[in-house]
Structure formats: C-alpha cells, structure tokens
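Inside the fold
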Amino acid sequence: MALNFYLNLVIAVLVVVLILIAKFALSEREEERKRTKELEKKNELIAYLYKHAEELAKINAEKDQLQEEINNAKTAAEFAAIIGAVVDANNNKLRQ
C-alpha cells in the first residue's frame, strides 16, 4: 500500500515537471518567433538605410562634380549650359 502511494506521488511529480517543461518550451518558442520577426524588421531597415546611403553618396559626388564645373566655367554661356543641364536632369528625375 505504501509502495502504491509513493508510486502515485512520483507519477504526480513527474507529470508536474513535464507540464512545467512543456510550458517553458512553448514560451521559448514564442520568444524565438518574436526575435525572428524583430530581426527581419531590422534587416529590412538596414537594407533601406544602405540604399539611401548609396543614393546620398551619389548625390554628393554629383554635387562635387557640379561645383567643380561651375568653378571652371569661364564664360556666362558655359555657366548657363551647366545650369541648363542641371534643370534638365532634375526634370527628367521628376518625370520618372
């Protein structure tokens, strides 16, 4: 009789331990899903920022080149041609 009591007690303890382990595993799985979603969002943000950093570098390079062309312009006609090219380039960007 005492053996039966102890056996039932051990089974009850094992069931409780099993339930606790299952709850822990489920919470860890949910936490992993949250981390994965957060990582995906951060990767998208990094890609977005990288794209715009490249565009900004390109704009800065074009600005430097334009500044050099303006500084090297000898006549008003050359200066007007440079300004016209800038206006045309901006209009083409707006049409796209």
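Preceding this paragraph is the structure being described.
Just so it is clear, the model here is predicted, and its values are computed rather than measured.

**What to know about the overall build of the chain**
- A tally of regular secondary structure across the chain gives two helices and zero strands.
- A compact globule built from 96 residues would reach a C-alpha radius of gyration of about 12 Å, whereas the chain, at 34 Å, exceeds it by more than 25%.
- Projected onto its principal axes, the C-alpha coordinates of the chain cover approximately 110 × 25 × 5 Å.
- Distance from the positive charge centre (14 side chains) to the negative charge centre (15 side chains) of the chain: 9 Å.

**What about the pattern of salt bridges?**
- By the definition in use, this model includes four salt bridges.
- Salt-bridge contacts for Arg-35 lead to Glu-32; the nearest nitrogen and oxygen are separated by 3.0 Å. With Arg-35 and Glu-32 both in helix 1 (residues 2-72) and three residues apart, this pair spans about one turn of that helix.
- In this structure, Glu-38 and Lys-42 form a salt bridge, with 3.1 Å as the shortest nitrogen-oxygen distance. With a gap of four residues between them, Glu-38 and Lys-42 both fall in helix 1, about one helical turn apart.
- You can call Lys-42 partly exposed: its relative accessible area is 46%.

**Structural notes on the packing of aromatic side chains**
- With the rule as written, the count across this model stands at one aromatic pair.
- For the ring pair Phe-5 and Tyr-6, a centre distance of 5.5 Å and an interplane angle of 65 degrees mean the geometry is edge-to-face. Comparing Phe-5 with Tyr-6, the two get one shared label, exposed.

**Observations regarding the layout of surface pockets**
- Considered as a void within the structure, the largest pocket measures approximately 290 Å³ in volume.
- Taken together, Ile-59, Glu-62, Lys-63, Gln-65, Leu-66, Glu-69, Ile-82, Ala-85, Val-86, Ala-89, Asn-90 and Lys-93 form the lining of the largest pocket.
- Of all the secondary-structure elements, those providing two or more residues to the lining of the largest pocket are helix 1 and helix 2 (76-95).
- Tallied by class, residues from the lining of the largest pocket come to six nonpolar, two polar and four charged.

Criteria and thresholds
- Residues numbered from 1 in each chain as written.
- Predicted model: local features only at pLDDT ≥ 70, side-chain atom pairs only at ≥ 80, totals over all residues.
- Heavy atoms only, no water.
- Helix = DSSP H or I, 4+ residues; strand = E, 2+ residues; numbered from the N terminus.
- Rg over C-alpha atoms; globule rule 2.2 N^0.38 Å.
- Lys, Arg positive; Asp, Glu negative; His and termini not counted.
- Charge placed at Lys NZ, Arg CZ, Asp CG, Glu CD.
- Salt bridge = Lys/Arg side-chain N within 4 Å of Asp/Glu carboxyl O.
- Buried < 20%, exposed > 50% of the residue type's maximum accessible area, 1.4 Å probe, protein only.
- Phe/Tyr/Trp six-rings, centres within 6.5 Å; stacked < 30°, edge-to-face > 60°.
- 1 Å grid on protein atoms, 1.4 Å probe; cavity = no way out; pocket = protein on both sides within 12 Å on 5 of 7 lines; lining within 4 Å.
- Points joined across faces, edges and corners; volume = space filled by probe spheres on them.
- Nonpolar A, V, L, I, M, F, W, Y, C, P; charged D, E, K, R; others polar.

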